[in-house]
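Chains, contacts and geometry: an overview
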Amino acid sequence: MNPFAKVLLCTTSLLAAIVVLPSAIFAWVDPTTVYARAFALLAAEPYVKQGFHLREDYWAGELASGERKAVRQQLFKGNEYWFWLGTEVDGAKESVHIYDSHGELAEQPDSWAKGHFAAAHIIPKTTGSYFIIVSVEKSPAARTHWALAYGFR
Amino acid sequence: MVLFSKRLNSMVAAVFGLALCAHGAQAPQHVNINQLSTTVEDVVVPLPNELFGALNKLGAVNWKEHVRSDEEPNFTERPRIALLLGTVIADGFIAVQAEDAPAVKDIGQRVLALAKGIGVGNSITPHAKAIIDAADKRNWANVRQELDRTQNSVQQAMNEVHDEKLSQLVSLGGWLRGTEVLTSVVKQHFSNDGAELLHQPDLLTYFQTRLQAMSEFNLPIVHQIQDALVEVKPLINIGNARISAESVKKLNEITTRLGNDIIKKD
């Protein structure tokens, strides 16, 4: 993607997130991950329309290629959750997966990853702690910004 | 604006299309959790309505009997206000479950007063107004969203001025109130699925660890909660075993006692 198109996409994505989810974006803005968050919110939007409650809080950071980060999360049986990951880095391949407290993959098969987005879906079989593992599998950048949001219904 | 709106809709549709055409993400079936230990974030504290939503799916709950509208005393100690603020926000989620508009509006005002008492009133004023407006319209989804935004804004405002410990007390207050209501509901109509919602050992450890690092908050209520969590631990940290009706009853006694201690003057 050429630089102009990239700036345009980032700006449009950010504006989209601002229009759709105003308080979510203004609640607290970390300038280093704001674009990554905009992409995560963009990934969430279709699911919010399906009735998922998007939590205001979010998690963000930066990772080198091959690095991963885990977020420990209390999930409740009976709820359904989606986790959405975003990055603004072109050409980066990122992923998000959900494991139970024993380290077993616990997500639904419709979890997906494409371009600036990745998403993982879980309908917990038991109430307890789960690990949401975010990774940057490859990236042209030395450090790749990421932001993780989640929703439930 | 119309053009932008159309473009926005196109973008959302494009993202949804991506989800449909994206490759299923290949992931290892098993990971060694112990190897992740250096990269694991603290456990994420769920919102009270995550818990209440799961509880609601187990059967009809008479939420009205859990709505609380007592006037709290005016505390001057910031840790006490933070605990109470978390409790009152949880009360807001309960009032939404009960679809009790007057209670929600009252809670919106109380949240604002408490936030002012702790020095973060400015960031809460628009949310309190939005809560009251949405309650007037009985738009419960918006009230839930605004309560979430309120808690997030309070905690972000505290974190920005390095009051992370007060922020953690807000979470703790909400968690205790949520647990009090959960145990009350499950105690009345016991089921294994209901009791399983109490299986939160990592959250308990998280709060215990945080409280241990709050030695500067030398208040009776903080010590009471610390002591109570020691009582709670063996009741919910039981591995794969089921949480019994007797344990639920004890947990309700403990959390009800703490709930009363949080809202009353020493």
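Computed from a predicted structure; not experimentally measured.

Observations concerning the overall build of chain A
- Helices and strands together make up the secondary structure of chain A, namely three helices and nine strands.
- Secondary structure elements in chain A, listed N-terminal to C-terminal, are α-α-α-β-β-β-β-β-β-β-β-β.
- Evaluated residue by residue, chain A yields a buried proportion of 53% over its 153 residues.
- A separation of at least 24 residues holds for 78% of the contacts in chain A among residues at least 6 apart in sequence.

Observations concerning the overall build of chain B
- Counting its secondary structure elements, chain B contains 11 helices and two strands.
- Taken from the N to the C terminus, the helices and strands of chain B come in the order α-β-β-α-α-α-α-α-α-α-α-α-α.
- Expressed as a percentage of its 266 residues, the buried residues of chain B come to 43%.
- The long-range fraction of contacts in chain B, counting pairs at least 24 apart against all pairs at least 6 apart in sequence, stands at 75%.

Structural notes on helix H11 (residues 245-263) of chain B
Residues and elements named next belong to chain B.
- Over its 19 residues, H11 runs 27 Å from end to end, which matches the ideal 27 Å to within 8%, given 1.5 Å per residue.
- For H11, the complete set of buried residues consists of Val248, Leu251, Asn252, Ile254, Thr255, Leu258, Gly259, Ile262 and Ile263.
- Contacts made by the buried residues of H11 are with helix H3 (78-97), helix H7 (164-188), helix H8 (192-196) and helix H10 (220-236).

Describing unusual backbone geometry
Residues and elements named next belong to chain B.
- For Glu99, which is not a glycine, the phi torsion comes out positive at approximately 50 degrees.
- In this structure, Glu99 sits in the loop between H3 and helix H4 (101-117).
- On the basis of neighbour counts, which here come to 15 C-beta atoms within 10 Å, the residue Glu99 falls in the partly exposed class.
- Although it is not a glycine, His162 adopts a positive phi angle of roughly 60 degrees.
- Relative to the elements of secondary structure, His162 occurs in the loop between helix H6 (140-160) and H7.

What to know about the nonpolar core
- Ala40, Phe83, Leu85, Ala119, Ile132 and Leu148 of chain A together with Leu85 of chain B are the most contacted members of the largest nonpolar core, which totals 117 residues.
- Broken down by element, this core gets its largest block of residues, 12 residues, from H3 of chain B.
- In contact with Leu148 of chain A, not counting residues within four places along its chain, are Ala40, Tyr58, Trp59, Val71, Phe83, Leu85, Val96, Ile132 and Val134 of chain A.

Some details on the environment of His127 of chain B
Residue and element names in this part refer to chain B.
- On the secondary structure map, His127 appears in helix H5 (residues 121-136).
- Each C-alpha atom, one on His127 and one on Ile262, is 24 Å from the other, the two residues being 135 residues apart in sequence.
- Ignoring anything within four residues of it in the chain, the contact list for His127 reads Glu146, Arg149, Thr150 and Ser153.

Considering the environment of Ser244 of chain B
- Note on placement: Ser244 of chain B falls in the loop between H10 and H11.
- Along the primary structure Ser244 of chain B and Gln224 of chain B are separated by 20 residues, whereas in three dimensions their C-alpha atoms are 24 Å apart.

Focus on the environment of Ile262 of chain B
Residues and elements named next belong to chain B.
- Structurally, Ile262 is set in helix H11.
- Taking the C-beta count within 10 Å as the criterion, Ile262 has 23 such neighbours and is therefore assigned buried.
- Along the sequence, Ile262 and Thr87 sit 175 residues apart, while their C-alpha atoms lie 8.4 Å from each other.
- Apart from residues no more than four positions distant in its own chain, Ile262 is found in contact with Leu83, Leu84, Thr87, Gly173 and Ile221.

Structural notes on the pairing of strand E4 (residues 81-86) of chain A
All names here are of chain A.
- In terms of burial, E4 is largely enclosed, as six of its six residues are buried.
- Here E4 shows no split at all, with Tyr81, Phe83 and Leu85 on one side and Trp82, Trp84 and Gly86 on the other all buried.
- As judged from the six bridges shared by E4 and strand E7 (residues 117-122), these two strands associate in the antiparallel manner. Note on E7: the bridge partner recorded for Trp82 is His121.

So, how was this worked out
Residues numbered from 1 in each chain as written. Chains lettered and ligands numbered in written order. Predicted model: local features only at pLDDT ≥ 70, side-chain atom pairs only at ≥ 80, totals over all residues. Helix = DSSP H or I, 4+ residues; strand = E, 2+ residues; numbered from the N terminus. Buried ≥ 20, exposed ≤ 12 C-beta atoms within 10 Å, placed from the backbone. Contact = placed C-beta atoms within 7 Å. Expected span 1.5 Å × (residues − 1). Core = buried A, V, L, I, M, F, W, Y, C linked by C-beta atoms within 7 Å. Pairing = 2+ DSSP bridges.

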